[in-house]
Amino acid sequence: MKHIYFCTTHPSFSETFVATEMQSLADCGEEVLAYSLRKPPHSLSPCATYLKPPCSRLRLAMWSASGLRILIANIRTGLRFRPRNTLRLMVAASHAARVFEVVRRLEEQGDTVLHAHFLDRPADVVAMLPASGATKIVTVHAADAYKRSDAALRDWRVTSFDRIICASDYVRRGLPERTSGIDVIHCGVAVPLGHERLITQPLTRARVCTVARLIRTKNHPYAAAVLEHLTDLGISVEWHIVGGGPMESWIRHFADTTTRGELRVVMHGEVAHEQALALMRAADLTILPSLAELSGTDGIPVALMEAMASGVLTVSTPVGGIPELVIDGVTGVMGDPSDPQGCAAAVADLLGDPGRMQQVIDAAFEHVRESFNARESVAALLNLTESNAQLQGTRR
């Protein structure tokens, strides 16, 4: 079976879960192709063969006439949208026109799955493709399910796919009702057979790592406040921050002005996934909170899953789908978003109790192994696509 992934950008610094899923499918012997709507950073290498190489806007414009015909055809069959979305849908239609013939030839060769991650631009491209024999799947994330959007356009997207995969139960609750074709499959991470973390003594020095885009939703100010309070409790902290974004200036200002001499901030910027994993695995704990008032834009951060799979203590906040992963006092520390001092106290208690910290780390590893394992997630995805392909075959 051929799996064609449609992504906004592939490869990406932040959407590593898509690459993990693609690699896991390839490890199962599946043929995996990728189509990226934008050119990726030159420093990253794709994990799958491109269906067609990413192109510039100028080259994409060459497909606008064919794209217009595809857009009109979709309007005739039910596509409705606000005028302000005309340009973005025209761009999506041009992408659909660009890959249509390639997709059609692949369909003729055997079962084909067109898989979009995010109910957004990639989904628009797949939804517009007049693919009669392929299975169309979209994986919906929290940013899709809860953001305000054109209701008519969203309904068209939802009904254009054979199957909808929700990345969490939290995402499922945010989607409009649909009688069938919706499944919850967690985005998973590669989980080793076991972790090597062994806590034998209380920690008075903590290496902390945060891997996330430097954006408001990730609530770096809360993390900073927790770590300042942690130093007040006698814990020396070295905070390694991985990622880039508009919050960088705030973090640099914090690093220069914090009055806690026992808190050192090290900024690494955007790095390749393997380097980010190495920094995380070298840490004693990872802290990655989220803003409660912006809960609709955050689901279950993959960085938290990767930390737990590596035997690293995790600290977060009960926002979005995070409570499905981090269970306070059982698989990590869940801080009150309005009480960073209380969160710091809970972290300090664990750092000072090796036995309990080991229990939490071990429980976190088992939780990820059982419920957020890429191998299991891909097995569920394959079962779903194979059953749908059989159904498509009976319709031909």
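The coordinates are above.
Every value quoted in this text rests on a predicted model; they were computed, and no experiment measured them.

1. Some words on the overall build of the protein
At step 1: Each helix and strand in the protein was counted, giving 15 helices and 13 strands.
At step 2: A compact globule built from 396 residues would reach a C-alpha radius of gyration of about 21 Å, and the protein, at 22 Å, matches this within 12%.
At step 3: Over its C-alpha atoms, taken along the principal directions, the protein stretches across nearly 65 × 40 × 40 Å.
At step 4: Across the 396 residues in the protein, those meeting the buried criterion constitute 57%.
At step 5: Here the protein has roughly 17,500 Å² of accessible surface; of this, 50% comes from carbon and sulfur atoms.
At step 6: Charge centroids of the protein, computed over 40 positive and 42 negative side chains, lie 11 Å from each other.

2. Notes on the environment of Glu376
At step 1: Summarising the element assignment, Glu376 is placed in helix H15 (residues 374-395).
At step 2: A sequence separation of 62 residues divides Glu376 from Thr314, and the C-alpha atoms of the two residues are 22 Å apart.

3. Some remarks on the packing of aromatic side chains
At step 1: Enumeration according to the criterion identifies five aromatic pairs in this entry.
At step 2: Ring geometry for Tyr146 against Tyr170: centres 4.4 Å apart, planes inclined by 15°, an arrangement best described as stacked. Here Tyr146 is found in helix H6 (residues 142-146), whereas its partner Tyr170 is found in helix H8 (residues 169-174), with 24 residues between them in sequence.
At step 3: Its relative accessible area of 33% is what places Tyr146 among the partly exposed residues.

4. Thoughts on helix H3 (residues 64-76)
At step 1: For H3, with 13 residues, the first-to-last C-alpha span of 18 Å sits near the 18 Å given by 1.5 Å per residue.
At step 2: The inward-facing, buried residues of H3 contact helix H4 (86-109), helix H5 (121-128) and helix H7 (151-159).

5. Section: the sheet that holds strand S6 (residues 163-166)
At step 1: Taken in spatial order, the seven strands make up an open sheet running S3-S2-S1-S4-S5-S6-S7, and their pairing is parallel. Only two strands of the sheet have a single neighbouring strand rather than two, namely strand S3 (49-50) and strand S7 (182-184).
At step 2: In the sheet, strand S4 (residues 112-117) pairs with strand S5 (residues 135-140) via five bridges, with the strands oriented parallel. Within S5, the residue paired with Val113 across the bridge is Thr135.

6. Examining the sheet that holds strand S12 (residues 313-316)
At step 1: Strand order in the open sheet made by the six strands is S10-S9-S8-S11-S12-S13, with parallel pairing throughout. Edge positions in the open sheet fall to strand S10 (263-269) and strand S13 (333-334), since each of these has one partner strand only.
At step 2: Across two bridges, strand S8 (residues 205-211) lies against strand S11 (residues 285-287) in parallel orientation. Its bridge partner being in S11, Val208 is matched across the sheet by Leu285.
At step 3: Taken strand by strand, helix H11 (residues 273-281) contacts S8, strand S9 (236-242) and S10, and its axis lies near 155° from that of S8.

7. Remarks on the nonpolar core
At step 1: If you look at the biggest cluster of nonpolar residues, it comprises 49 residues, and the most contacted ones within it are Tyr5, Leu325 and Val368.
At step 2: Here the element with the most residues in this core is helix H12 (residues 302-309); it accounts for seven residues.
At step 3: Leaving out residues up to four positions away in the same chain, Tyr5 has contacts with Val18, Glu21, Met22, Leu25, Val32, Leu33, Ala34, Tyr35, His115, His117 and Leu381.
At step 4: Counting 43 residues, the second-largest nonpolar core is a separate cluster that includes Phe6, Ala92, Ala96 and Ala134.

8. Side note on the state of the cysteines
At step 1: Across all of its chains, the model carries zero disulfides by this definition.
At step 2: With no disulfide of its own, Cys55 lies closest to Cys7 among cysteine sulfurs, the gap being 15 Å.
At step 3: For Cys55, a relative accessible area of 11% gives the class buried.
At step 4: The thiol of Cys187 is unpaired, and the distance to the nearest cysteine sulfur, on Cys166, comes to 11 Å.

9. A few points about the side chain of Ser236
At step 1: In this fold, Ser236 is placed in strand S9.
At step 2: Take Ser236: its relative accessible area is 12%, and that puts it in the buried class.
At step 3: Contacts of Ser236, omitting those with residues within four sequence positions, involve Thr204, Arg205, Ala206 and Glu262.

10. Section: helix H9 (residues 220-232)
At step 1: Over its 13 residues, H9 extends 19 Å from the first C-alpha to the last, a length consistent with the 18 Å expected when each residue adds 1.5 Å.
At step 2: Within the span of H9, buried status applies to His220, Tyr222, Ala223, Ala224, Ala225, Val226, Leu227, Glu228, Leu230 and Thr231.
At step 3: In the core, the buried residues of H9 are packed alongside S8, S9, helix H10 (248-257), S10, S11 and helix H13 (340-351).
At step 4: Directly after H9, the chain includes Gly234, whose backbone phi takes a positive value near 90°.

11. Section: the packing of H9 against H13
At step 1: The geometry of H9 relative to H13 is characterised by a closest axis approach of 8 Å and an angle of 55° between their N-to-C directions. Here H13 runs oblique to H9, going by the angle between their axes. Crossing of H9 against H13: the hand is right-handed. Contacts between H9 and H13 involve Tyr222, Ala225, Val226, His229 and Leu230 on the former and, on the latter, Pro340, Gln341, Cys343, Ala344, Val347, Ala348 and Leu351.

12. So, unusual backbone geometry
At step 1: Omega for the bond connecting His10 with Pro11 falls within 30 degrees of zero, at -5°, which places this linkage in the cis form.
At step 2: Positive phi is not limited to glycine here, since Phe118 has a value of about 90°.
At step 3: As for its placement among the helices and strands, Phe118 is situated in the loop between S4 and H5.
At step 4: Here Phe118 falls in the buried class, since its relative accessible area comes to 17%.
At step 5: Phi is positive for Asn219, close to 55°, though the residue is something other than glycine.

So, how was this worked out
- Residues numbered from 1 in each chain as written.
- Predicted model: local features only at pLDDT ≥ 70, side-chain atom pairs only at ≥ 80, totals over all residues.
- Heavy atoms only, no water.
- Helix = DSSP H or I, 4+ residues; strand = E, 2+ residues; numbered from the N terminus.
- Rg over C-alpha atoms; globule rule 2.2 N^0.38 Å.
- Buried < 20%, exposed > 50% of the residue type's maximum accessible area, 1.4 Å probe, protein only.
- Areas by Shrake-Rupley, 256 points an atom, 1.4 Å probe, with all protein chains shown as cover.
- Lys, Arg positive; Asp, Glu negative; His and termini not counted.
- Charge placed at Lys NZ, Arg CZ, Asp CG, Glu CD.
- Phe/Tyr/Trp six-rings, centres within 6.5 Å; stacked < 30°, edge-to-face > 60°.
- Expected span 1.5 Å × (residues − 1).
- Contact = heavy atoms within 4.5 Å.
- Pairing = 2+ DSSP bridges.
- Axes fitted to C-alpha atoms, helices over the stretch in contact; angles between N-to-C directions.
- Core = buried A, V, L, I, M, F, W, Y, C linked by side-chain atoms within 4.5 Å.
- Disulfide = S-S within 2.5 Å.
- Parallel < 35°, antiparallel > 145°, perpendicular 65-115°, else oblique.
- Left-handed = near helix turned anticlockwise from the far one by under 90°.

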